[in-house]
Amino acid sequence: MERGGIFESGKVAVITGAALGIGKALALRLAGKGMSVVMADLPGPDLDAAVAEVQAAASAGPETVLGQATDVSKPDQIDALKIATLAAFSQVELLVNNAVTRTGRGFDADPESWRQAMEVNLWGPVTAVQAFLPDLLANPAPTAIVNTGSKQGITNPPGHPIYNMTKSALKTYTEALEHDLRNRPDNQGAGRLSTHLLVPGWTTTGKAEHKPGAWLPDRVVDMLLDGVAGERFYIICPDDEVTAEMDAKRILWAAQDITENRPPLSRWHPDFAEVARKACS
Ligand SMILES: NC(=O)c1ccc[n+]([C@@H]2O[C@H](COP(=O)([O-])OP(=O)(O)OC[C@H]3O[C@@H](n4cnc5c(N)ncnc54)[C@H](O)[C@@H]3O)[C@@H](O)[C@H]2O)c1
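What counts, and at which threshold
- Residues numbered from 1 in each chain as written.
- Predicted model: local features only at pLDDT ≥ 70, side-chain atom pairs only at ≥ 80, totals over all residues.
- Domains from an automatic or database assignment.
- Contact = placed C-beta atoms within 7 Å.
- Nonpolar A, V, L, I, M, F, W, Y, C, P; charged D, E, K, R; others polar.
- Near = placed C-beta within 6 Å.
- Helix = DSSP H or I, 4+ residues; strand = E, 2+ residues; numbered from the N terminus.
- Expected span 1.5 Å × (residues − 1).
- Buried ≥ 20, exposed ≤ 12 C-beta atoms within 10 Å, placed from the backbone.
- Arc of directions from axis to C-beta.
- Axes fitted to C-alpha atoms, helices over the stretch in contact; angles between N-to-C directions.
- Parallel < 35°, antiparallel > 145°, perpendicular 65-115°, else oblique.
- Left-handed = near helix turned anticlockwise from the far one by under 90°.
- Pairing = 2+ DSSP bridges.

### Topic: the domain arrangement of the protein chain
Looking at the protein chain, the domain boundaries give domain 1 (3–241) and domain 2 (243–281). Placing a centre on the C-alpha atoms of domain 1 and another on those of domain 2 gives a separation of 29 Å. Contact with domain 1, which involves 8 residues of that partner, is made by 8 residues of domain 2. Tallied by class, the residues present in the side of domain 1 that touches domain 2 amount to 5 nonpolar, 2 polar and 1 charged.

Below, the structure is given as structure tokens:
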């Protein structure tokens, strides 16, 4: 069976951060295809409303959508998420680590913000992967893990170093995970577990007002489905302001800070900014 089979009716997806934004749009899409969906998020009215909305849209019936209050920074709650998933649906084909905190901001943010950001954005996915890995590997059908990164974790723009650090760490972790899984003798053949790094562009999510230039979450969902089905590890989404070509140039420019012995973040350094702007446009 091809990787795209992961999205067929009857398959089971676990999505963290599913109450809003890209996570909710993905839950709606997968439930509309007849998949069973476990929507994990912090408890509250956003999760309740999202679960009701997805249940109403579920083509295989509302009982195929489970809301599970989960703080991904708490390992015992990740364990409870796995137990609830298997109790409800007996199997899992897709784990999407999508939950995010944008807590803290600049270097003067309190240490607790730095720690909390890592707990949610890095340790949440790492813990969830460890919890679900045995079941994903044991499943004879194709299975996938999607971790949600950010261009900010690749090109490291100034402004939100805490967030950038968490997404950079998640990228490194996910790359190493894919390498490890690719080489495991017990993870070969058509039914193997694949790993993917989804990198949305500027996307209107949460409760933000939609602005020109941004994508709506459904377009990111399109990219995710195509990327997993097409066996792409890096699923980098453009938006209506930044093209795929511009992304490629910016990523290359950032890597060349090292090979060209430039200062880090040289795209925003007065000595390089103008050259970088031309090279990356
Ligand atoms: N929106 C963008 O422009 C954009 C760009 C690049 C990357 N991303 C990434 O895409 C993913 C989805 O982002 P979004 O913009 O759709 O998010 P969003 O802000 O719309 O939703 C995030 C969800 O995560 C949940 N969450 C926060 N802390 C949690 C915790 N401890 N446990 C469980 N759930 C928690 C929130 O309650 C919320 O429902 C994130 O990983 C984000 O970093 C988004």
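Next comes the rest of the account.
### Focus on the site of the ligand
Around the ligand, the structure places 26 residues, and the nearest of them are Gly17, Gly21, Ala99, Val100 and Thr205. Across the shell around the ligand, the residue classes break down as 10 nonpolar, 13 polar and 3 charged.

### Concerning the environment of Trp123
With respect to the secondary-structure elements, Trp123 resides in helix α4 (residues 111–138). Between the C-alpha atoms of Trp123 and Ala169, which are 46 residues apart in sequence, the distance is 9.9 Å. Residues within four places of Trp123 in sequence aside, it is in contact with Ser73 and Met118.

### Observations regarding helix α3 (residues 75–89)
Taking 1.5 Å as the rise per residue, α3 with 15 residues should run 21 Å; its terminal C-alpha atoms sit 21 Å apart, in good agreement. All buried positions along α3 are accounted for by Ile78, Leu81, Lys82, Thr85 and Phe89. For α3, the angular spread of the buried residues around the axis is 95 degrees, confining them to a single face. Of the residues in α3, the exposed ones pointing more than 90 degrees away from the buried face are Asp76, Ile83 and Ala87.

### Details of unusual backbone geometry
A positive phi is found at Asn261, a non-glycine position, where the angle reads about 55 degrees. The residue Asn261 is located in the loop between α8 (244–259) and α9 (273–279) in this model. One non-glycine residue, Leu265, lies in the positive phi region at around 55 degrees. Structurally, Leu265 can be placed in the loop between α8 and α9.

### A short note on the packing of helix α1 (residues 21–32) against helix α2 (residues 45–57)
A pair of packed helices is characterised by two quantities: the angle between their axes and the separation of those axes. Here α1 crosses α2 at 25 degrees, and the two axes come no closer than 8 Å. Classed by the angle they form, the pair α1 and α2 counts as roughly parallel. Helix-helix and strand crossings are classified by hand; for α1 and α2 the assignment is right-handed. Listed contacts from α2 to Lys24, Ala27, Leu28, Ala31 and Gly32 of α1 are Ala50, Val54 and Ala57.

### What to know about the sheet that holds strand β7 (residues 234–236)
Here we have 7 strands laid out as an open sheet, ordered β3-β2-β1-β4-β5-β6-β7, and parallel in their pairing. Of all the strands in the sheet, just β3 (65–69) and β7 have a single pairing partner and so form its edges. If you compare each strand with its neighbour and ignore which way they point, the axes differ by 15 degrees on average. In this structure, strand β4 (residues 94–97) lies alongside strand β5 (residues 143–148), joined through 4 bridges in parallel fashion.

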